[in-house]
Amino acid sequence: MGDRLRLAVGVMGNASSLLLFTAPILTFSTVIRKKSTEEFSCFPYIISLLNCLIYSWYGMPIVSYRWENFPLVTINGLGVLLEVSFIIIYIWFATARSKMKVAAMLVPVILLFCTTAIISAFVFHDHHHRKVFVGTIGLVAAVTMYGSPLVVVRKVIRTKSVKYMPFYLSLFSFISSLLWMIYGLLSHDWFIASPNIAATPLGLLQLIRRSALRHFWKFHFIGQ
């Protein structure tokens, strides 16, 4: 019963993560149509790429025991492909200055993942220590990913537009973190549960803050 429940939650977690990873399609369809990245930030997609890379590796048999965390591999592997696609589109339509900023963030992310994979594969010689090492880095990456939309709050306030904090990105971030928190608790794997325990209230905070800002401007302009 326990394994079936864990698998069911894992499947639902995969579905919610798929919605989370595909939510930016609406944003990038606008970027392609306007041939401009406007003031959208690439930071959330680069951090999401790091998170997907780390947890794809975490779920592989070299780190986890056999295929105990196979749901992580499937969804994060797909996430890698989607995030790479979004970043390529962003770079294509970005200004020269923005491209430099993306490169400055992207290169350290790739180096960090490669270093993590090499150290975990060749320095540690058992699953426990590999999971602790990769899971610790994944924990930081996951919390940063779920909290990354909060980075644009200042831009949202300055432009008086919530389009830079997409609703579906915030919603699916909350649902995904909630389901993966449950999956981690059922698996007794704190490197899956812990970042999502922190990320769940962050996702809820994003929804509340977005709603509060939208209602504030609505009543403010009506009052004028």
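Only a predicted model underlies this, so the values are computations on that prediction, with no experimental measurement involved. Position numbers for residues start from 1 in each chain and track the written sequence from start to end. Local features in this predicted model are restricted to residues whose pLDDT is 70 or higher, and side-chain atom pairs enter the listing and the counts only when it is 80 or higher, whereas totals over whole chains, interfaces and linings include all residues. Excluding hydrogens and water, the side-chain figures rest on all heavy atoms present in the structure.

A separate point is the confidence of the model for the protein. Residues with a pLDDT of 70 or more make up 82% of the protein, whose mean pLDDT is 81. A low-confidence stretch, residues 220–224 stays under pLDDT 50, and its non-local contacts, those more than four residues away or across chains, total one contact. Values of pLDDT, which run from 0 to 100, indicate the predictor's confidence residue by residue. We call two residues contacting when some pair of their heavy atoms lies within 4.5 Å.

Only protein chains enter the calculation, and the probe is 1.4 Å; a residue is then buried if its accessible area is under 20% of its type maximum, exposed if over 50%, and partly exposed in between. By the criteria applied, helices consist of DSSP H or I runs no shorter than four residues and strands consist of E runs no shorter than two, each listed in order from the N terminus. Those residues of helix α2 (residues 24–34) that fall on the buried side of the exposure criterion are Pro24, Thr27, Phe28, Thr30 and Val31. When α2 is viewed along its axis, its buried side chains cluster within an angular range of 150 degrees and face the same direction. Turned more than 90 degrees away from the buried face of α2, the exposed residues are Leu26 and Arg33. Where α2 ends, the next residue or the one after it, Lys35, has phi of about 55 degrees, a positive value. Here, the arc refers to the directions that run from the helix axis to the C-beta atoms.

All right, on to the nonpolar core then. Among the buried residues, those of types Ala, Val, Leu, Ile, Met, Phe, Trp, Tyr and Cys that are joined through side-chain atoms within 4.5 Å form a nonpolar core. If you look at the biggest cluster of nonpolar residues, it comprises 43 residues, and the most contacted ones within it are Trp57, Tyr58 and Ile87. At eleven residues, helix α3 (residues 43–59) tops the list of elements feeding residues into this core. When near neighbours in sequence (up to four residues on either side) are disregarded, Ile87 contacts Cys42, Tyr45, Ile46, Leu49, Val102 and Leu106.

Attention now goes to the packing of aromatic side chains. In this scheme Phe, Tyr and Trp rings, the latter by its six-membered ring, pair at centre separations within 6.5 Å, and the angle between planes marks the pair as stacked below 30 degrees, edge-to-face above 60, and tilted otherwise. Scanning the model with the defined rule gives seven aromatic pairs in all. Residues Trp180 and Tyr183 carry aromatic rings whose centres are separated by 5.1 Å and whose planes lie at 80 degrees to one another, so their mutual orientation is edge-to-face. You can see Trp180 and its partner Tyr183 sitting in helix α8 (residues 167–187), three residues apart, about one turn around the helix. Joined through ring pairs, the aromatic side chains of Phe28, Tyr45 and Phe86 make up one cluster.

Moving on: the packing of α2 against helix α4 (residues 70–93). Axes here mean lines fitted to C-alpha atoms, for a helix over just the part in contact, with angles spanning 0 to 180 degrees between N-to-C directions. Between α2 and α4, whose axes approach to 10 Å, the crossing angle comes to 25 degrees. It follows that α2 is roughly parallel to α4 by the angle criterion. Viewed along their axes, α2 and α4 form a crossing whose handedness is left-handed. The residues of α4 that touch α2, namely those facing Pro24, Ile25, Phe28, Val31 and Ile32, are Phe86, Ile89, Tyr90 and Phe93. Reported orientations rely on four angle classes, namely roughly parallel under 35 degrees, roughly antiparallel over 145, roughly perpendicular from 65 to 115, and oblique for the rest. Left-handed describes a crossing in which the near helix is turned anticlockwise from the far one by less than a right angle; the clockwise case is right-handed.

The phi torsion at Arg66 lies on the positive side, around 50 degrees, for a residue other than glycine. Note on placement: Arg66 falls in the loop between α3 and α4. In this model, His188 sits at a positive phi of 55 degrees, which is unusual for a non-glycine residue. With respect to the helices, strands and loops of the structure, His188 is situated in the loop between α8 and α9 (190–223).

The length a helix should cover is 1.5 Å for every residue beyond the first. Along its 24 residues, α4 runs 36 Å from first to last C-alpha, staying within 8% of the 34 Å computed at 1.5 Å per residue. Within α4 the residues assigned to the buried category are Pro71, Leu72, Val73, Ile75, Asn76, Gly79, Val80, Leu82, Glu83, Phe86, Ile87 and Tyr90.

To continue, consider the UniProt feature "transmembrane region" (unreviewed entry) in the protein. When the UniProt feature table is mapped onto this chain, "transmembrane region" (unreviewed entry) is found at residues 6–28, 40–58, 70–93, 105–125, 131–153, 165–184 and 190–208. Taken end to end, residues 40–58 is 84% helix and 0% strand, and its first and last C-alpha atoms sit 30 Å apart. The annotated region residues 70–93 carries 100% helix and 0% strand content, and the separation between its end C-alpha atoms amounts to 36 Å. UniProt positions are given in the numbering used here, feature names are shortened, and annotations may be inferred rather than shown by experiment.

Further remarks concern the pattern of salt bridges. The salt bridge criterion pairs a side-chain nitrogen of Lys or Arg with a carboxyl oxygen of Asp or Glu, the two atoms within 4 Å. What the rule picks out here adds up to two salt bridges. Glu68 is the salt-bridge partner of Lys131, the closest N and O atoms lying 3.2 Å from each other. Residue Lys131 is located in helix α6 (residues 127–147), and its partner Glu68 is located in the loop between α3 and α4; the two are separated by 63 residues in the primary sequence. With a relative accessible area of 30%, Glu68 lands in the partly exposed category. Lys131 is paired through a salt bridge with Asp189; the nearest N and O atoms lie 3.6 Å apart. One end of the pair, Lys131, is in helix α6; the other, Asp189, is in the loop between α8 and α9, and 58 residues separate them in sequence. Using a relative accessible area of 17% as the deciding quantity, one classes Lys131 as buried. One continuous salt-bridge network, built from bridges that share partners, spans Glu68, Lys131 and Asp189.

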